[in-house]
Amino acid sequence: MDEFETLTDKLKGHVRFLYFHLMGEPFLHPQLSQFIYVAKEKGFVPVLTTNGTLLSDAEDVIAAHPHKIQISLHSHEGNGKESPETYIEEVMNFALKASNQGIIIILRLWNEGGYDSANEQILQLIARFLPHPWTKRNDGWKLTDNLYIEFDKMFEWPDESRDFYTDNNIFCYALRNQIGVLVDGSVVPCCLDHEGDMALGNLFEQSFEEILSSTRACSIYDGFTNHKAVETMCQRCGYAVLTKCFRQ
């Protein structure tokens, strides 16, 4: 808790949404609900991302009332229970309870074009809890108030062992509207750098302003301004290439 207090104090005034994300599974942490309360008291909007395998005993998290919880159903490929029925039952029991209390729940299937062979079965299992018709949206479906299914394409995580992508005319919102802070205080440009390969500084030792004004941070920012990825990890990022998000 002391570390969380320190990090959030340094982020306060600079950050609005606080995502409990960056490859860690937040529901493993025994103080998660306390962190949510503290974040809200300091004016942050807390959002959780989870693989959905630890939701059967999470009443305290619902009581803490984060703004949104994103459940990565595509994680069943590696983290799912032996029975998809059991997995979806636990997810939906939690999702219905949380959404009924005003928490936004996003059920994510970000595996299109990859390991999506079980998606139809997953959707059928969800329909047992919330039968059709569902409301169509651009990125998925609205099942009921505060409860959504979201689809997206599968992408390759940055990996320095991968060849460069040939297309380097690219833009990313890293350091513009997102940063990541690892558990050791390292600040990274985005949530895909979960190993700290592009560490820009350490929030336990430096101010937020000092880190963002560092030579490396400015180089990354200016590079994307000119549609260039200056870091080798960014040049090997499948998500950035996939999204092709250019700013005019």
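Residues numbered from 1 in each chain as written. Predicted model: local features only at pLDDT ≥ 70, side-chain atom pairs only at ≥ 80, totals over all residues. Heavy atoms only, no water.

1. A short note on the pairing of strand 4 (residues 104-112)
Part 1: With 5 bridges joining them, strand 3 (residues 68-72) and strand 4 adopt parallel strand pairing. When the bridges of strand 4 are listed, Ile 71 appears paired with Leu 107.
Part 2: Of the pairings in the sheet, the one linking strand 4 to strand 7 (residues 147-153) comprises 6 bridges and is parallel in character. Paired with Glu 112 across the bridge in strand 7 is Lys 153. (Pairing = 2+ DSSP bridges. Helix = DSSP H or I, 4+ residues; strand = E, 2+ residues; numbered from the N terminus.)

2. Some thoughts on the sheet that holds strand 2 (residues 45-50)
Part 1: Read across the open sheet, the 7 strands follow the order 1-2-3-4-7-6-5; overall the sheet is mixed. Across the chains shown, the open sheet's two edge strands, defined by having one partner strand only, are strand 1 (17-20) and strand 5 (135-137). Mean inter-strand twist for the sheet, computed between neighbouring axes without regard to direction, equals 25 degrees.
Part 2: The strands touched by helix 2 (residues 32-41) are strand 1 and strand 2; relative to strand 2, the strand with the most contacts, the crossing angle is about 150 degrees. (Axes fitted to C-alpha atoms, helices over the stretch in contact; angles between N-to-C directions. Contact = heavy atoms within 4.5 Å.)

3. Describing the sheet that holds strand 9 (residues 186-188)
Part 1: Taken together, 3 strands build an open sheet; the order of strands is 8-9-10 and the sheet is antiparallel. Both edges of this open sheet fall to strand 8 (180-181) and strand 10 (201-202), since each of them pairs with a single strand only.
Part 2: Sheet topology places strand 9 next to strand 10; 2 bridges connect them, and they run antiparallel. In the strand pairing of strand 10, Val 187 is matched with Gly 201.

4. Quick word on the confidence of the model for the protein chain
Part 1: Confidence in the prediction for the protein chain averages 89 pLDDT; 88% of positions are at 70 or higher.
Part 2: Counting interchain partners and residues more than four positions distant, the pLDDT-below-50 stretch residues 244-248 has 11 contacts. (pLDDT = per-residue confidence, 0-100.)

5. Looking at the pairing of strand 3
Part 1: Burial of strand 3 is extensive: 5 of the 5 residues sit out of reach of the surface.
Part 2: Burial of strand 3 is two-sided: the residues Lys 68, Gln 70 and Ser 72 facing one way and the residues Ile 69 and Ile 71 facing the other way are all buried.
Part 3: Pairing geometry for strand 2 and strand 3, over 4 bridges, is parallel. Counterpart to Leu 48 in the pairing with strand 3 is Ile 69.
Part 4: Considered for its hand, the β-α-β crossover made up of strand 2, helix 3 (residues 59-64) and strand 3 is right-handed. (Buried < 20%, exposed > 50% of the residue type's maximum accessible area, 1.4 Å probe, protein only. Right-handed = clockwise from strand over helix to strand, strands pointing away.)

6. Let's talk about the packing of helix 5 (residues 84-100) against helix 6 (residues 119-129)
Part 1: Contact pair helix 5 / helix 6: the axes reach a minimum separation of 10 Å and the direction vectors enclose 45 degrees. The angle between helix 5 and helix 6 places the two elements in the oblique class. Read as a crossing pair, helix 5 and helix 6 show a hand that is right-handed. Of the residues in helix 6, those touching helix 5 at Pro 84, Glu 85, Ile 88, Glu 89, Met 92, Asn 93 and Leu 96 are Gln 121, Ile 122, Leu 125, Ile 126, Arg 128 and Phe 129.
Part 2: Considered class by class, the residues forming the contact of helix 5 with helix 6 number 8 nonpolar, 2 polar and 3 charged. (Parallel < 35°, antiparallel > 145°, perpendicular 65-115°, else oblique. Left-handed = near helix turned anticlockwise from the far one by under 90°. Nonpolar A, V, L, I, M, F, W, Y, C, P; charged D, E, K, R; others polar.)

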